Amino acid sequence: MDAIQIYGGNCPEGQIKIQGSKNAVLPILAATLLIDGTCEIKNCPIISDVHHMLRLMESLCCTINRKGHTLTIDAACLSRCDMPSDSVSVMRSSIMLLGALLARTGSVSMQYPGGCVIGQRPIDLHLQGLRKMGVIIEEKEDGFSAEAVRLTGAVHRLPFVSVGATENLLLAAVLAQGDTVIENAAREPEITALCDFLNTAGADIEGAGTNRILIHGVKKLHAISYRIPSDRVVAGTYLAACLCCGGEVFLKDAPGRQIVSVIKAAAAMGARIYESEDGIQVACRERRKMIPLLQTDSYPGFPTDLQSAFLAAMTLADGEGALQETIFENRFRIVPQLQKMGADIVCRDNTVYVKGRRKLHGAVLQAQELRGGAALVLAGSAAEGTTVVCNRHFIERGYEDICKDLGEIGIRCKKIDYREYNG
Ligand code: EPZ
């Protein structure tokens, strides 16, 4: 069984270079389907979610070449419009291809991407919005087929913020007939990156990064070269590593301006943070202070994707505090795992109540999803003794090599096969 073994108690010092953003590259890969020509994507993270997305795109007859962190994608021969069910089940982000595929081929059939441990992850907003743009969607037991002779612009008033729905409707709108408005649009930096990619390729989008996006449909997009921005969630994860373990680290290429709410929370816990052009310096020399109440929210609020990492840090802070999850209905899966390490935390509804402890002790833990798995590695880095986090594959969905990254700042951890562990 794939796992990570962490030797706790080291004080991090050093520098980590932050990888390209998973949540920026996935919709941009979908956007390349709209382009009849070869795009070059630079700073693409080498992670399993990207690997699955590229395999899925190849099954749709895209020609893809990869050289390290640089990809070329030629979607000129895009054909097929039934997405292989095994890829969709492995890769729920495949839903992001829907809008682009409809815009390009006019017809898609796929199974429902399904939920995951953090929540149901429904796609009702995606389907409602596409229907408003002229798509005929026939829903079946485990999937649906969607047909559109020509996508037409529409006004969408999203009842609540959805990153994926905003991205899908954007991708459906850029080549549609007429104008599209997305009200209550997501404002995440990944939306801004997607709009920047599309506008560079010839789209006509206004309002990226605001809650009202206006898209004037155009006839055609042209191939471009584009560099994926750094991953704000990975940067926040390693900032939280410093909160958990103390020490001082430099996060090279960390997008400081995209994690203002995270930096604010870290400063409230006693971290000293200095932003510069090429990254952020984080120092945690004193005992961590507790945050009375940390609430997740859509951007620019505190990101749900860093909720678990900061929960791990809060278990080691002085005093009592609480962390409230407002985006997903089941994102506290690491609570029982942290309790196994001695954390004094209880979960009630969408809030975890924390009594900070001076120490955690190592344990054998089970990762159950991406960001929770990374948070358990951080907790193990700060704990006394050795920790093993099983199901490493969840973490590899979004982190290129968390062991190598943490090793750069002196945290000792390594990939193991748990069957060989004799702790
Ligand atoms: C994106 O997921 C990210 N994934 C998630 O990151 C992130 O946590 C999330 O946005 C919120 O920021 C990618 O970008 C690949 P949503 P997405 O649509 O688009 C509900 C990670 O760890 N909803 O903004 O799926 C939904 O259930 C991942 O990198 C509906 O009810 O999130 C959730 O409660 C995890 N109906 C809320 O909205 C819909 O049609 C926000 O979801 C769509 C969403």
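In this text, all values refer to a predicted model and were calculated from it rather than measured experimentally.

Quick notes on the rules
All chains use their own residue numbering, which begins from 1 and follows the written sequence. For this predicted model, a pLDDT threshold of at least 70 governs which residues receive local features, and a threshold of 80 or more governs which side-chain atom pairs are given and counted, while totals over whole chains, interfaces and linings are taken from all residues. Heavy atoms from the whole structure form the basis of all side-chain values; hydrogens and water molecules are not counted. Only runs of H or I of at least four residues qualify as helices and only runs of E of at least two qualify as strands under DSSP, and these elements are numbered from the N terminus. The reference for a compact globule is 2.2 Å times residues^0.38; the radius of gyration itself is calculated from the C-alpha atoms. Three labels apply to residues, based on accessible area from a 1.4 Å probe with only protein chains included: buried if under 20% of the type maximum, exposed if over 50%, partly exposed otherwise in between. A contact between two residues is defined here by any heavy atoms of the two lying within 4.5 Å. Computed with the Shrake-Rupley method and a 1.4 Å probe, the accessible areas treat only the protein chains shown as cover for residues. In this tally, Lys and Arg are treated as positive and Asp and Glu as negative; His is ignored, and so are the chain termini. One atom stands in for each charge, and that atom is NZ of Lys, CZ of Arg, CG of Asp or CD of Glu. What qualifies as a polar contact is a pair of N or O atoms within 3.5 Å, subject to a donor-acceptor requirement within protein and to the restriction that residues adjacent in sequence count only when both atoms come from side chains. Here, proximity means that at least one heavy atom of the residue falls within 4 Å of the molecule or strand. With axes taken as lines fitted to C-alpha atoms, and helix axes fitted only over the stretch in contact, angles between N-to-C directions fall between 0 and 180 degrees. For this classification, under 35 degrees means roughly parallel, over 145 means roughly antiparallel, 65 to 115 means roughly perpendicular, and everything else is oblique. Polar here means any residue outside two lists: the nonpolar Ala, Val, Leu, Ile, Met, Phe, Trp, Tyr, Cys and Pro, and the charged Asp, Glu, Lys and Arg; Gly therefore counts as polar. Two strands are counted as paired when DSSP detects at least two bridges linking them.

**Concerning the overall build of the protein chain**
At step 1: The helix and strand inventory of the protein chain stands at 14 helices and 23 strands.
At step 2: A compact globule built from 423 residues should have a C-alpha radius of gyration of about 22 Å, and the protein chain, at 22 Å, falls within 12% of that.
At step 3: Dimensions of the protein chain along its principal axes, counting C-alpha atoms only, are 60 × 45 × 40 Å.
At step 4: A total of 423 residues make up the protein chain; the buried ones form 57% of that total.
At step 5: Considering only contacts within the protein chain whose residues lie at least 6 apart along the sequence, 73% involve residues at least 24 apart.
At step 6: Within the structure as shown, the protein chain displays about 16,300 Å² of accessible surface, and the carbon and sulfur contribution to it stands at 49%.
At step 7: Distance between charge centroids for the protein chain: 3 Å, based on 45 positive and 47 negative side chains.

**Quick notes on the side chain of Arg331**
At step 1: Secondary-structure assignment places Arg331 in the loop between strand S18 (320–324) and helix H11 (335–340).
At step 2: You can call Arg331 buried: its relative accessible area is 5%.
At step 3: Among the polar contacts made by the side chain of Arg331, one reaches the side chain of Thr304 at a distance of 2.8 Å.
At step 4: Here Asp305 takes part through its side chain, which lies 2.7 Å from a polar atom of the side chain of Arg331.
At step 5: Ignoring anything within four residues of it in the chain, the contact list for Arg331 reads Ile118, Thr304, Asp305, Gln307, Ser308, Glu325 and Arg371.

**Side note on the site of the ligand**
At step 1: Every one of the 23 residues lining the ligand counts as a neighbour, but Asp124, Ser162, Val163, Asp305 and Ile327 are closest to it.
At step 2: Side-chain polar atom of Arg331 to an oxygen atom of the ligand: 3.4 Å apart, as the coordinates give it.
At step 3: In the complex, the protein chains occlude 88% of the 830 Å² of accessible area that the ligand would expose alone.
At step 4: The set of elements that each furnish at least two residues to the shell around the ligand consists of helix H1 (22–31), helix H5 (124–132), helix H6 (163–173) and helix H12 (370–382).
At step 5: Sort the elements by how many residues they give to the shell around the ligand and H5 lands first, with three residues.

**Remarks on the packing of H1 against helix H2 (residues 48–59)**
At step 1: Put simply, H1 and H2 touch, their axes get as near as 10 Å, and they point 5° apart. Between H1 and H2, the angle is such that the two are roughly parallel. Touching Lys22, Val25, Leu26 and Leu29 of H1 are Asp49, Val50, Met53, Leu54 and Met57, all from H2.
At step 2: When grouped by side-chain class, the residues that make up the contact of H1 with H2 number seven nonpolar, no polar and two charged.

**Let's talk about the pairing of strand S5 (residues 70–74)**
At step 1: Burial along S5 is one-sided: Leu71 and Ile73 are buried, while Thr70, Thr72 and Asp74, pointing the other way, are not.
At step 2: The pairing of strand S3 (residues 38–42) with S5 spans four bridges and is classified as antiparallel. Bridge pairing links Glu40 to Thr72 in S5.
At step 3: Bridge count between strand S4 (residues 63–67) and S5: five bridges; the pairing is antiparallel. By the bridge assignment for S5, Asn65 is matched with Thr72.
At step 4: Hairpin connection, S4 to S5: the antiparallel pair is bridged by two residues, and Gly68 has positive phi, about 65°.

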